[in-house]
Amino acid sequence: MPAPDIYYQTVKNAIIKDQWLITHDPLHLRWGTKDMYVDLGAKQLLAANKGEKKIAIEIKSFIGASEIEDLRNAVGQFVLYRAVLRQTEPDRTLYLAVKNTTFITTFEEPVGKLLIATENLNLIVFNPETEVITRWIP
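Residues numbered from 1 in each chain as written. Predicted model: local features only at pLDDT ≥ 70, side-chain atom pairs only at ≥ 80, totals over all residues. Heavy atoms only, no water.

**A word on the overall build of the protein**
Within the protein, the regular secondary structure consists of four helices and eight strands. Reading the protein from its N end, one meets helices and strands in the order α-β-β-β-β-β-α-β-α-α-β-β. On C-alpha atoms alone, the protein measures out to a radius of gyration of 15 Å, which is about the 14 Å that the 2.2 N^0.38 rule sets for 138 residues. Taking the principal axes of the C-alpha coordinates as reference, the protein spans close to 45 × 40 × 30 Å. The burial tally for the protein puts 43% of its 138 residues in the buried class. Of the contacts formed within the protein by residues at least 6 apart in sequence, a portion of 56% connects residues at least 24 apart. Taken as a whole, the protein presents about 7,600 Å² of accessible surface, with 54% of it coming from carbon and sulfur. (Helix = DSSP H or I, 4+ residues; strand = E, 2+ residues; numbered from the N terminus. Rg over C-alpha atoms; globule rule 2.2 N^0.38 Å. Buried < 20%, exposed > 50% of the residue type's maximum accessible area, 1.4 Å probe, protein only. Contact = heavy atoms within 4.5 Å. Areas by Shrake-Rupley, 256 points an atom, 1.4 Å probe, with all protein chains shown as cover.)

Quick look at the structure:
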């Protein structure tokens with residue numbers, strides 16, 4: 001099992017503050033003989049017997065030497081996990097969690113906007129100091 005991201009506990013705390021229940025820590029995926037681990041699985045009960053919403057969250061710090069390499073790796077991992085989730089848990093939505101500054105410097109730039117649009121990226125943007133989710137995309 002891979003080591004957790006440096007913002008793992010921050011995002012976990014922010015998700016809990018946002019009224020989500022952590023259901024998997026980590027969320028284990030298996031496809032064929034390959035095991036994969038999404039950082040968190042969570043659910044939120046919907047009002048008036050409308051069921052529940054389930055999500056999976058992959059947390060990325062973007063602290064590598066190359067911002068583009070970090071982006072390529074994060075999006076590649078997101079696409080892989082989303083493909084497996086669509087087959088194994090189609091009712092669970094995958095999100096990529098990034099801190100505010102990464103969102104501004106990477107995902108508000110043309111290359112990030114392109115990836116959000118063409119790869120249908122779902123993002124959770126968080127403030128690492130306050131451990132609060134500042135934005136859900138979409």
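Don't stop here, the text continues.
**Some remarks on the nonpolar core**
Counting residues in hydrophobic clusters, the biggest one holds 24 residues, and the most contacted among them are Leu29 and Phe107. Secondary structure elements with two or more residues in this core: β2 (27–31), β3 (34–38), α2 (67–88), β6 (92–99), α3 (100–107), α4 (110–118) and β7 (123–127). A total of seven residues in this core trace back to one element, the largest contributor, which is α2. Other than its neighbours up to four places away in sequence, Leu29 contacts Lys34, Asp35, Met36, Val38, Tyr81, Val84, Leu85 and Thr88. (Core = buried A, V, L, I, M, F, W, Y, C linked by side-chain atoms within 4.5 Å.)

**Thoughts on the pattern of salt bridges**
Under the criterion given, the structure shown has seven salt bridges. Notably, a salt bridge pairs Lys43 with Glu52, separated by 3.5 Å at the nearest N-O pair. The class of Lys43 is partly exposed, set by a relative accessible area of 26%. Of the charged contacts in the structure, one is a salt bridge between Glu58 and Lys60, with a shortest N-O distance of 3.3 Å. (Salt bridge = Lys/Arg side-chain N within 4 Å of Asp/Glu carboxyl O.)

**Observations concerning the sheet that holds strand β1 (residues 21–24)**
What holds strands together in a sheet is hydrogen bonding between their backbones, with the strands either parallel or antiparallel. Taken in spatial order, the six strands make up an open sheet running β1-β4-β5-β6-β7-β8, and their pairing is mixed. At either margin of the open sheet sits one strand with a lone partner, and together these are β1 and β8 (132–137). Across the sheet, the axes of successive neighbouring strands diverge by a mean angle of 35°, strand direction being ignored. With six bridges connecting them, strand β5 (residues 52–59) and β6 associate as parallel partners. Counterpart to Ile59 in the pairing with β6 is Ala97. (Pairing = 2+ DSSP bridges. Axes fitted to C-alpha atoms, helices over the stretch in contact; angles between N-to-C directions.)

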